[in-house]
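Each chain, written out:
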Amino acid sequence: MSKILYVGGNYKTIPQLSGTEFKVEYVQNGIIAINAVQSEDFDAVILEDQLPLMSVGRLTDELISRDNSVPVISIIRSEERKNKFLNNFGHGIFGWFEPKKHSAEELITLLNIAREYHKF
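Residues numbered from 1 in each chain as written. Predicted model: local features only at pLDDT ≥ 70, side-chain atom pairs only at ≥ 80, totals over all residues. Heavy atoms only, no water.

K.L.:
What should I look at first to understand the pattern of salt bridges in this one?
P.N.:
Should the charged atoms of two oppositely charged side chains come close, the side chains can pair. Within this structure, the stated rule accounts for seven salt bridges. Across the salt bridge formed by Glu21 and Arg115, the nearest N and O atoms sit 2.6 Å from each other. Of this pair, Glu21 sits in the loop between strand E1 (2–7) and strand E2 (22–27) while Arg115 sits in helix H4 (residues 104–119), and the two are 94 residues apart along the sequence. For Glu21, a relative accessible area of 39% translates into the label partly exposed. By relative accessible area, which is 12% here, Arg115 ends up buried. Arg66 serves as the salt-bridge partner of Glu62, at 2.6 Å between the closest nitrogen and oxygen. Of this pair, Glu62 and Arg66 are both found in helix H2 (residues 56–66), four residues apart, which corresponds to roughly one turn of the helix. Glu62 sits in the partly exposed class, given a relative accessible area of 22%. Here the salt bridges share partners, and the residues they tie into one network are Lys3, Lys23, Glu25 and Glu40. (Salt bridge = Lys/Arg side-chain N within 4 Å of Asp/Glu carboxyl O. Helix = DSSP H or I, 4+ residues; strand = E, 2+ residues; numbered from the N terminus. Buried < 20%, exposed > 50% of the residue type's maximum accessible area, 1.4 Å probe, protein only.)

Shown next as structure tokens:
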């Protein structure tokens, strides 16, 4: 079973992962996420497009500086986030998922690739 950390300000489910081999743990903000990554092993971290306390770019920097083997994936729910997203590749973002455009299979494929990257 793969373990995924999901970071979001307002808890939103990822229905595409329901009933799959991925166990999703939720934390509310980046500070809690940093502590979780330092104390547990995750195959990937998924970040919501809006986070309390710090930006997605800053959190990505913090997570990668602590463990660059854990892929960081961004959920893009808004046009505003989509317009800012390309800047996050400079921070080391691994990939993205748009719930309105991508299928469950596409998310699962991305997470399987992330898991293999993490194991590498």
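So, next bit.
K.L.:
Any chance you could explain the side chain of Asp43 here in plain terms?
P.N.:
Looking at the element boundaries, Asp43 is found in the loop between helix H1 (30–39) and strand E3 (44–47). No salt bridge is formed by the buried Asp43; its nearest oppositely charged neighbour, Arg115, is found at 5.5 Å. Within polar-contact distance, the side chain of Asp43 engages the side chain of Ser2 at 3.4 Å. Asp43 has contacts with Ser2, Lys3, Ile4, Pro71, Ala114, Arg115 and His118, leaving out every residue within four places of it along the chain. (Lys, Arg positive; Asp, Glu negative; His and termini not counted. Polar contact = N/O pair within 3.5 Å; in protein donor to acceptor, adjacent residues only side chain to side chain. Contact = heavy atoms within 4.5 Å.)

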